[in-house]
Amino acid sequence: AALAYRDNRVFWIGTTISSVAQASFLVSAGWLAYEQGGGSGTGMVAFATMFPFLLSTPIGGVLADRYDRRSIVLATQVFQGVLALLLGGLELAGLLPLPLLIALVLVSSAARTVELPTVGAVLPNLVPPRVLLNNLSLNSLATLGSRFAGPALLARVLALGGAGAAFMLIAVLYV
C-alpha cells in the first residue's frame, strides 16, 4: 500500500539501491582488506565499519531534526558514492594501502550513520498514518534484503575484476 504514493516509491527505490551499494561496499572493503592484510586486515575494516555507529548516529538524529532531511540524505549518498569512486580509482591504480582503506571505510561509515536516522525520520512524512507500518516494513525489507542482494550482485565482479572494479560499480549504484 505504501508504494502507491509516488514520492514514497521514488524514495524507497533510491534507499533500496543505496542499501545494496552499502552492503556491496562492505563486502568489497573486506575482500580488499583480506587480500592486503589477511584476517587482521579484515578485522580492522570490520571495526572501522561499526565504530562510527557508536558515536555518530546521535549526531545524525540531531541533524535530521534541524536541517532539511532530503538534502542530508542526498549529501550523504553523494559523499558515499564519491568515496567508492575514490577507492575504486586508488585500487585500480595500485595506490590503496590498508591504512588508507581503513580510514576511508571509517569515513564512509560515519556518513552512513548520519544517513540512517535521517531516512528513518523521512519515512513517516511520505505516507498517511494508516500505511506507515507498511512503509516501515518495506524499509526494513530493503535494508535486510540488501545484505543478500549486494554481495550476490558483487560476487562475480569481485571474482573477475577485483575490488577496484567493484568499488566503481558501487559508485554507479550510488548515482
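Up top is the structure these notes are about.
Computed from a predicted structure; not experimentally measured. (Residues numbered from 1 in each chain as written. Predicted model: local features only at pLDDT ≥ 70, side-chain atom pairs only at ≥ 80, totals over all residues. Heavy atoms only, no water.)

### Here's the deal with the pattern of salt bridges
- Within this structure, the stated rule accounts for 3 salt bridges.
- Salt-bridge contacts for D7 lead to R6; the nearest nitrogen and oxygen are separated by 3.1 Å.
- Between R112 and E115 there is a salt bridge; the shortest N-O distance is 3.3 Å. Of this pair, R112 and E115 are both found in helix α4 (residues 98-122), 3 residues apart, which corresponds to roughly one turn of the helix. Taken as a pair, R112 and E115 share a single burial class, namely buried. (Salt bridge = Lys/Arg side-chain N within 4 Å of Asp/Glu carboxyl O. Helix = DSSP H or I, 4+ residues; strand = E, 2+ residues; numbered from the N terminus. Buried < 20%, exposed > 50% of the residue type's maximum accessible area, 1.4 Å probe, protein only.)

### Topic: the side chain of N139
- Note on placement: N139 falls in helix α5 (residues 132-174).
- If sequence neighbours within four positions are ignored, N139 has contacts with W12, T15, V119 and L123. (Contact = heavy atoms within 4.5 Å.)

### A short note on the packing of helix α3 (residues 69-92) against α5
- Remark: α3 packs on α5, axes separated minimally by 7 Å, with the N-to-C direction vectors making an angle of 160 degrees. Classified by the angle between their axes, α3 and α5 sit roughly antiparallel to one another. Relative to α5, α3 is oriented so that their crossing is left-handed. From α3, Q77, Q80, G81, A84, L85, L87, G88, G89, E91 and L92 reach across to α5, where they touch A163, G164, A165, F167, M168, I170, A171 and Y174.
- Broken down by class, the residue content of the contact of α3 with α5 amounts to 11 nonpolar, 6 polar and 1 charged. (Axes fitted to C-alpha atoms, helices over the stretch in contact; angles between N-to-C directions. Parallel < 35°, antiparallel > 145°, perpendicular 65-115°, else oblique. Left-handed = near helix turned anticlockwise from the far one by under 90°. Nonpolar A, V, L, I, M, F, W, Y, C, P; charged D, E, K, R; others polar.)

### Brief notes about the nonpolar core
- Grouped together as the largest cluster of nonpolar side chains are 25 residues, with contacts concentrated most on L101, F167 and I170.
- It is α5 that provides the largest number of residues to this core, a total of 8 residues.
- The contacts of F167, once residues within four sequence positions are left out, are F25, S28, A29, L32, A84, L85, L87 and G88.
- With 12 residues, the next largest nonpolar core counts F11, V73, V119 and L138 among its residues. (Core = buried A, V, L, I, M, F, W, Y, C linked by side-chain atoms within 4.5 Å.)

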